[in-house]
Amino acid sequence: MARVEIENIDKNYGAVKILKDISISVKDGEFLVLVGPSGCGKSTLLRMIAGLENISAGEIYIGDRVVNNLPPKERDVSMVFQNYALYPHLTVAENIGFSLILAGTPKAEKERLVHDAADVLGLSDLLERKPKNLSGGQRQRVAMGRAIIRRPKAFLFDEPLSNLDAKLRVAMRAEIKSLHERFKTTAIYVTHDQVEAMTMADRIVVMNEGRIEQIGHPLELYDKPVNAFVAGFIGTPSMNLLEAKVDLSGKYPMALFETGEKLPLPVKANLKDGNDIIYGLRPEYCKISKTGHMSKVEAIEPMGSETHLILRFAAQRVVMAIHDRLNVSPGENLTFEPNVEKVVIFDKKSGHAL
Amino acid sequence: MNMLESRNTVILSYFILGFAAFTALFPLALMLLNSLKTVPEIIASPLAPPEQLVWENYANAWKHSKFSRTFMNSAVLVFLTTALVLSTGSLTAYVLARKKIKTWALVTAYLLATTTAPIQLFLFPLYFGFAHLGLINNIFAVSVVYCAIYSPFSIMLLRTYFLAVPKELEEAALVDGATPWQVFSKVYLPLVWPGMLTVALIIGMYTWNEFLIATTFLQNQESRTAIVSYFLLSGQYETNWGELMAGAVLVVMPIIILFIFLQKKFIDGITGGSVKG
Amino acid sequence: MYRLFILPTMIINIAVISIPAILTIILAFYRWDGISDPVFIGLENFERLWNDRIFWKALRNNLIWTALFLTFPIIIGLVVASLLLTVRRGSTFFQIIYLFPLVISAVISARVWQGMIYNPQSGIVALLERYGLDLYDPLSRTATALYGVAVVDLWHWWGFMAVIFFAALRQVPQEQIEAARLEGATYFQMMRWVLIPGIMPTITLMMIMTVIWSFLVFDFVYVMTQGGPASSSEVLSTMAYRRAFYELKVGNAAAIAIVISLFGLVATFFYLRLQRGEGE
Ligand SMILES: Nc1ncnc2c1ncn2[C@@H]1O[C@H](COP(=O)(O)OP(=O)(O)OP(=O)(O)O)[C@@H](O)[C@H]1O
Ligand SMILES: [Mg+2]
């Protein structure tokens, strides 16, 4: 177990900059999740930590050692790949014990360790099978087994659950998390699924276009996104981001929309009259109210536990999540009320939270 | 892929790969070098550079091997064989790839089996049969023999290109009332021509280089191929190695030039069908 | 309709290969000089072969040839292919160079080696001799003639194996290789546990084809030694050719052709099974 320190990392492919000045410090035993849209450089960063990609600039520490120039095998990390990278010609036991085979571990010792790992993962009955005779979830577990058997300094996961169906994904999520509780090994976990990120992470790193947008605890990112990108990325359904102008002419600060409608703004010192802003409103911080603002219902999406209403307000789309079942149809009018205290405001130009 | 290999591993790898490349090129370098030397110079040292470039070696090789005639023969043979293989082979490849006949598996197995049949198994009756029919020294007849020998390989290679064409294209054409011939010529041929080109290159190379059939069936001066003519020149009692190397360079040149310009297609053709993914 | 499509291929194939092949099988039981009428002699051609010293010599040479080609090109090919996979940069360039010997006609390659390397007056052998090494033209001695020819064919051939294996190795999932690197695999462990198992179907196919091709070898032997000196480098195919066209013992040649085919048939049987196993 060890901390992992990433300092001012760059990655270039020729002239293309894939990662720009990335710094993250992962604490010993922490479960850190890297999340971001496809192509933002998550896998690349993870592979640089593993030693599978060169580092263009900056330094990576594992423990107290700079590992920039160490080959993968000397970094003592293990990695779980998206497609598991199991060896089709080896049995489950051999796949799990692969690192021990390579290290020439004595047979008895090897068997003991493989059985221990298989026990933990519930694979004891499958040890003699070949990977092609396993289900997706079982393969996933074998890949996990191969990673844990060596007790490495850190686990690296690259979208390990994305090949599983939705239900299995939820189950495996909990299983990985409980394995982490048990071993307390530093883990860096890449995903583009923000639900996975929210539920598993001690801390989340949100990345976009090769940059870090924000690092923080899941709820911190949810409640206090530093910019509109993070606000829109974290949470489902995602936050409504409405374009408006600040209007300080009245008694209370208001957001003025192009069509003339107004919504209340929280009181903030740095609001300037007439500034272009983005009005951030989470769907669940909205309620239906007789005295609220007029909108038109465009669609209704019943999810069972809650209902999503897609409204048109001030010529923009507003999603609202409510827990009651409502008897409305598309085309009808509806009045709603935002919870002003929960509204987040971003500067339109920079995207930063005000 | 960008894998962090230790410097030493990479240097050692390049060293071994470089040595292998040297081994592959060394005899060819000797061929080129000595093609421009006189015999006494070659005997003095095959490695020494020529004192002055003896271009006459090339002129003599050209003259003595009757290359002006035999190159033409080889070219005609290459053209006929390639045309025959492509025209008959593409039709069969299409039928087998799309399993158009019930016996496709049997036909495929038959063709695969004939690729492994030794030439000697059919050479003798074929020769005496051709002799009986007066087909010895007939370039067209030999191209038919080549077509039979090279077709199975070509069909297997072409088949993979036909398989890569989405079936929906054919189905759409059939729904619009196309005949099988129209589907083949209008839908498939325009899409598989890169495969045809690859096959043409490989078959062209085989035909140009072929020796056993050519030396058996094309015996007189008027019909001989360049390779056979070179073989006869080099078998003469008194050997001028400078001239022989010049002749070798001449015979090799067309293939090498094509190979260098179309290497990717060559490699596709050479590896095609042999690699089980 | 579709049967018409395969008709040209089948007519040519059957006329050139199948019918003459059947005739060869029949001829093996006749005495025939290619001109007069064939005479039925039963198994006499085969009995003759059984008692023919040269036949056994040729068969042995084919087996030696098979053993040489099952080991050297396959090992060299695997090593070179794995190194190409390691360095990546320049792999196309190296592949082209390795294929040069393959695209050059056997006749040319043979003559270049004979004249520029083996030749005791003009070759590298002569040059090294002058520097005091005890060398000679391997083709001129009975003990070494076969190996002298085999070296040239190996030179001509190994690049093909390297390119085939490299193409196969590139299809081994990258993650499997990376996972092994993370687990600390050395070069030999990578070969033993990941790369060779990953391309086993290709290796098997190449080994089967090598057996078939080793019994077909003709050009290099015929051009370089004509099977000599004293039949020391004779192989079955050159022997059959000589019997048919030099000695006009076509029946005898046909019997040899059948022996060659039997080896091919066994290998073909495995080949077809492998094709079927591929699940197409
Ligand atoms: N070898 C390469 N050469 C050039 N660009 C590359 C190379 N490998 C990756 N890239 C680019 O680097 C960027 C980051 O890729 P990366 O695989 O890290 O994304 P990711 O965040 O993991 O995305 P995903 O969620 O789709 O896996 C992408 O834009 C990709 O196109
Ligand atoms: Mg990725």
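The rules behind the values
- Residues numbered from 1 in each chain as written.
- Chains lettered and ligands numbered in written order.
- Predicted model: local features only at pLDDT ≥ 70, side-chain atom pairs only at ≥ 80, totals over all residues.
- Heavy atoms only, no water.
- Helix = DSSP H or I, 4+ residues; strand = E, 2+ residues; numbered from the N terminus.
- Buried < 20%, exposed > 50% of the residue type's maximum accessible area, 1.4 Å probe, protein only.
- Contact = heavy atoms within 4.5 Å.
- Areas by Shrake-Rupley, 256 points an atom, 1.4 Å probe, with all protein chains shown as cover.
- Lys, Arg positive; Asp, Glu negative; His and termini not counted.
- Charge placed at Lys NZ, Arg CZ, Asp CG, Glu CD.
- Salt bridge = Lys/Arg side-chain N within 4 Å of Asp/Glu carboxyl O.
- Buried area = accessible area lost by both parts, 1.4 Å probe.
- Polar contact = N/O pair within 3.5 Å; in protein donor to acceptor, adjacent residues only side chain to side chain.
- Patch = residues over 30% accessible without salt bridge, like charges linked within 9 Å, V, L, I, M, F, W, Y side chains within 5 Å.
- Nonpolar A, V, L, I, M, F, W, Y, C, P; charged D, E, K, R; others polar.
- Phe/Tyr/Trp six-rings, centres within 6.5 Å; stacked < 30°, edge-to-face > 60°.
- Pairing = 2+ DSSP bridges.
- Axes fitted to C-alpha atoms, helices over the stretch in contact; angles between N-to-C directions.
- Near = heavy atom within 4 Å.
- Core = buried A, V, L, I, M, F, W, Y, C linked by side-chain atoms within 4.5 Å.
- pLDDT = per-residue confidence, 0-100.

**A look at the overall build of chain B**
Helix and strand content of chain B: 13 helices and zero strands. Mapped in sequence order, the helices and strands of chain B form the string α-α-α-α-α-α-α-α-α-α-α-α-α. Counting only C-alpha atoms, chain B reaches 75 × 65 × 30 Å along its principal axes. Relative to its full complement of 277 residues, chain B shows a buried share of 55%. Relative to all contacts within chain B whose residues are 6 or more apart in sequence, the contacts with residues 24 or more apart total 72%. When the accessible area of chain B is evaluated, it comes to approximately 12,100 Å², of which 68% is carbon and sulfur surface. Side-chain charges of chain B comprise 16 positive and 13 negative groups, with the mean position of each set lying 10 Å from the other.

**Section: the overall build of chain A**
What chain A contains, in helices and strands, is nine helices and 19 strands. The principal-axis extents of the C-alpha atoms in chain A amount to approximately 80 × 45 × 35 Å. In chain A, which comprises 354 residues, the proportion classed as buried is 53%. Of the contacts made within chain A by residues no fewer than 6 positions apart, 65% connect residues no fewer than 24 positions apart. Carbon together with sulfur atoms contributes 50% to the accessible area of chain A, which is approximately 16,100 Å² in total.

**Overview of the pattern of salt bridges**
Think of it this way: side chains of opposite charge can pair up when their charged atoms draw near. Scanning all chains against the criterion turns up 27 salt bridges over all chains. One salt bridge in this structure joins Arg141(A) and Glu175(A), with 2.9 Å as the shortest N-O distance. Placement of Arg141(A) in helix α5 (residues 136–148) and of Glu175(A) in helix α6 (residues 166–183) is noted, with a sequence separation of 34 residues between them. Of the charged contacts, one joins Asp276(A) and Lys245(A) as a salt bridge, the two residues approaching to 2.9 Å between their closest N and O atoms. One end of the pair, Asp276(A), is in strand β14 (residues 276–281); the other, Lys245(A), is in strand β11 (residues 240–247), with 31 residues separating them in the sequence. Connected via shared salt-bridge partners are Lys11(A), Arg47(A), Glu53(A) and Glu178(C).

**Thoughts on the interface of chain A and chain C**
With 23 residues of chain A at the contact, the number on the chain C side is 15 residues. Counting the surface chain A buries against chain C, the share from its top three residues, Lys73(A), Tyr87(A) and Leu102(A), is 31%. The residue Glu183(C) makes a salt bridge to Arg150(A) at a minimum N-O spacing of 2.7 Å. Linking chain A to chain C there are eight residue pairs in polar contact (both at pLDDT 80 or more).

**Here's the deal with a nonpolar patch on the surface**
A grouping of Trp181(B), Met1(C), Leu4(C), Leu7(C) and Ile11(C) is seen on the molecular surface, where their side chains present a nonpolar patch of about 550 Å² in accessible area. Sorting elements by how many residues they give to the nonpolar patch places helix α1 (residues 2–27) of chain C first, with three residues. Structurally, Ile11(C) is set in helix α1.

**Some details on the interface of chain B and chain C**
Counting residues at the interface gives 97 residues for chain B, matched by 97 residues for chain C. Around 8,700 Å² of area is buried between chain B and chain C when both sides are counted, 78% of it from carbon and sulfur atoms. Summed over the shared surface of chain B and chain C, the number is zero salt bridges. Where chain B touches chain C, the interface holds 16 residue pairs in polar contact (both at pLDDT 80 or more). No other element matches helix α1 (residues 7–34) of chain B, which puts 18 residues into the side of chain B that touches chain C. For the side of chain B that touches chain C, a count of residues per class yields 70 nonpolar, 22 polar and five charged.

**Concerning the packing of aromatic side chains**
This model, assessed by the stated rule, comprises 62 aromatic pairs over all chains. On the basis of an interplanar angle of 90° and a centroid distance of 6.3 Å, the ring pair of Trp181(B) and Phe5(C) is categorised as edge-to-face. With one member in each of two chains, Trp181(B) in helix α9 (residues 180–209) and Phe5(C) in helix α1 form a pair that bridges those chains. Accessibility expressed as a relative area gives 47% for Trp181(B), which makes it partly exposed.

**What to know about the sheet that holds strand β5 (residues 65–66) of chain A**
Residues and elements named next belong to chain A. Here four strands make up an open sheet; going across it, the order is β2-β1-β4-β5 and the pairing antiparallel. In this open sheet, the two edge strands, each paired with only one partner strand, are β2 (16–26) and β5. Pairing of strand β1 (residues 4–13) with strand β4 (residues 57–62) involves five bridges; the strand directions are antiparallel. Bridge pairing in β4 links Glu 7 to Glu 59. Those strands touched by helix α1 (residues 42–50) are β1, β2 and β4, and its axis lies near 115° from that of β1.

**What about unusual backbone geometry?**
Residue and element names in this part refer to chain A. Omega for the peptide link from Thr 236 to Pro 237 comes to -15°, which places this bond in the cis form. Mapped onto the elements, Pro 237 comes out in the loop between α9 (228–233) and β11. You will see that Lys 184, though not glycine, has its phi angle at about 55°, which is positive. Mapping Lys 184 onto the fold places it in the loop between α6 and β8 (186–191).

**Section: the site of ligand 1**
Residues and elements named next belong to chain A. Contacts to ligand 1 come from Tyr 13, Ile 18, Ser 38, Gly 39, Cys 40, Gly 41, Lys 42, Ser 43, Thr 44, Glu 159 and His 192. Between Ser 43 and ligand 1, the recorded distance is 2.5 Å, taken from a side-chain N or O atom to an oxygen atom. Here an oxygen atom of ligand 1 sits 2.5 Å away from a polar atom, N or O, in the side chain of Thr 44. Considered on its own, ligand 1 offers 640 Å² of accessible surface; in the complex 57% of this is hidden by protein. It is α1 that contributes the most residues to the shell around ligand 1, three residues altogether.

**Digging into the nonpolar core**
Counting residues in hydrophobic clusters, the biggest one holds 237 residues, and the most contacted among them are Ile108(C), Phe165(C) and Val194(C). Broken down by element, this core gets its largest block of residues, 17 residues, from helix α7 (residues 145–169) of chain C. Setting aside chain neighbours within four positions, we find Val194(C) in contact with Tyr87(A), Phe98(A), Val172(C), Gln176(C), Ile177(C), Ala180(C) and Gln189(C). Counting 44 residues, the second-largest nonpolar core is a separate cluster that includes Leu123(A), Ile149(A), Leu164(A) and Phe183(A).

**Considerations on the pairing of strand β9 (residues 203–208) of chain A**
Here is the key point about a regular strand: its side chains alternate between the two faces of the sheet. Residue and element names in this part refer to chain A. Among the six residues that make up β9, six are buried, leaving the element largely enclosed by the rest of the structure. Going residue by residue along β9, you find Arg 203, Val 205 and Met 207 tucked away on one face and Ile 204, Val 206 and Asn 208 tucked away on the opposite face as well. Bridge analysis of strand β3 (residues 31–35) against β9 gives four bridges, and the strand direction is parallel. Within β9, the position partnered with Val 35 by the bridge is Val 206. Here β9 pairs with strand β10 (residues 211–216) via five bridges, running antiparallel. Of the residues in β10, the one forming a bridge with Met 207 is Ile 212. Counted between consecutive antiparallel strands, the loop separating β9 from β10 contains two residues, among which Glu 209 sits at a positive phi close to 50°.

**Notes on the confidence of the model for chain B**
Summing up the model confidence of chain B, the mean pLDDT is 89 and the portion of residues at 70 or higher is 95%. Scoring of the predicted complex yields 0.87 for pTM and 0.90 for ipTM.

**Overview of the side chain of Glu159(A)**
Residues and elements named next belong to chain A. Position of Glu 159 relative to the elements: it lies in the loop between β7 (154–158) and α6. Buried within the structure, Glu 159 lacks any salt-bridge partner; Lys 42 is the closest side chain of opposite charge, at an N-O distance of 4.4 Å. Setting aside chain neighbours within four positions, we find Glu 159 in contact with Lys 42, Gln 82, Val 190, Thr 191 and His 192.

**Points about the sheet that holds β10(A)**
Residue and element names in this part refer to chain A. Here six strands make up an open sheet; going across it, the order is β6-β7-β8-β3-β9-β10 and the pairing mixed. Both outer strands of the open sheet, β6 (77–80) and β10, are each paired with one neighbouring strand and no more. Taking each pair of neighbouring strands and ignoring which way they run, the sheet shows an average axis angle of 15°. Pairing of β3 with β8 involves five bridges; the strand directions are parallel. When the bridges of β8 are listed, Val 33 appears paired with Tyr 189. In the packing of α5 onto the sheet, the strands contacted are β6 and β7, and the crossing angle to β6 comes to about 175°.

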